[in-house]
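Observations on chain architecture
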Amino acid sequence: GALDIGTGSGYQAAILSELVNEVYSVEISVDLASSTEERLSRLGYKNVRVKHGNGYQGWEEHAPYNIIIVAASPPKIPNALVEQLAVGGRLIIPVGTAVQRLDVITKISDTQITREPYCNVSFVKMIEEQ
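This part is about helix H2 (residues 30-42). Compared with an ideal rise of 1.5 Å per residue, which puts 13 residues at 18 Å, H2 spans 18 Å between its outermost C-alpha atoms and is within 8% of the ideal. For H2, the complete set of buried residues consists of Ala33, Thr36 and Leu40. Viewed end-on, H2 has its buried residues packed into an arc of 75°, placing them on one side of the element. Exposed side of H2, more than 90 degrees from the buried face: Asp31, Glu38 and Arg42 are the residues found there. Buried residues in H2 make contact with helix H1 (11-17), strand E2 (23-27) and strand E3 (48-52). Note on H2: the residue one or two positions beyond its end, Gly44, has a positive phi of about 95°.

See below:
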């Protein structure tokens, strides 16, 4: 399955749903999570689950994930997301504050990852609920 952090309008989750069996999507805005879940269901995306939550924490209940895609930039890679990645899986995440870089993290084993910088990007700041 895939984990989508930052559901937004649901576009990325809809694309992912055509590529994998199950998509789990986390959105920090209660209203946006609710309206997007309703929209995706209405449009026939039956393999997408949306929940309101803190993207820093991922969605442990359905881990491990073969792919995790993050649509907001944290200052550093959240450990919970790396932990929820399956061995051989990839985490695609923008990282940084003023300057952001899109990184591709591959989980080699339960204790080892590789981090490949891809390109400079500009994403919204990832919000961490208190």
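Burial runs high along strand E6 (residues 100-109): seven of the ten residues are buried. Here strand E5 (residues 85-96) pairs with E6 via seven bridges, running antiparallel. Residue pairing across strands places Val95 opposite Arg101, the latter belonging to E6. Two successive antiparallel strands, E6 and strand E7 (residues 112-121), enclose a turn made up of two residues.

This part is about the sheet that holds E3. In space, the seven strands of this open sheet follow the order E3-E2-E1-E4-E5-E6-E7, with mixed pairing throughout. The sheet is open, and its two borders are formed by E3 and E7, each paired with just one other strand. The average angle at which neighbouring strand axes cross in this sheet is 15°, direction not considered. Taken together, the nine bridges between E6 and E7 define a ladder with antiparallel strand orientation. Bridge assignment links Gln100 to a residue of E7, and that residue is Val121. Across the sheet, H2 is in contact with E2 and E3; its angle to E3 comes to roughly 165°.

Here the bond from Ala63 into Pro64 is cis, since omega is 5°, no more than 30 degrees from zero. Positionally, Pro64 belongs in the loop between E3 and strand E4 (65-70).

What you see with strand E1 (residues 2-5) is no split at all: Ala2 and Asp4 on one side and Leu3 and Ile5 on the other are buried throughout. In this sheet, E2 lies alongside E1 in parallel orientation, the contact comprising four bridges. Within E2, the residue paired with Leu3 across the bridge is Tyr24. In this sheet, E4 lies alongside E1 in parallel orientation, the contact comprising four bridges. Following the sheet pairing, Asp4 is matched in E4 by Ile69.

The rules behind the values
Each chain has its residues counted from 1, running along the sequence as written. Given that the model is predicted, a residue must reach a pLDDT of at least 70 before its local features are reported, and side-chain atom pairs must reach 80 or more before they are shown or counted; all residues, however, enter totals for whole chains, interfaces and linings. Only heavy atoms go into the side-chain values, all of them from the structure, while hydrogens and water stay out. The helix and strand labels rest on DSSP assignments: H or I over at least four residues marks a helix, E over at least two residues marks a strand, and numbering proceeds from the N terminus. Helices are assigned an expected span. That span is 1.5 Å times one less than the residue count. Classification of residues uses two cut-offs on accessible area relative to the type maximum, computed with a 1.4 Å probe and protein chains only: under 20% is buried, over 50% is exposed, and between them is partly exposed. The directions from the helix axis to the C-beta atoms form the arc being described. Contacts between residues were defined by any pair of non-hydrogen atoms, one from each residue, lying within 4.5 Å. Only strands that DSSP links by at least two bridges are regarded as paired with each other. All axes are obtained by fitting lines to C-alpha atoms, using only the stretch in contact for helices, and the reported angles, taken between N-to-C directions, cover 0 to 180 degrees.

Any link to function would need more than the numbers given here.
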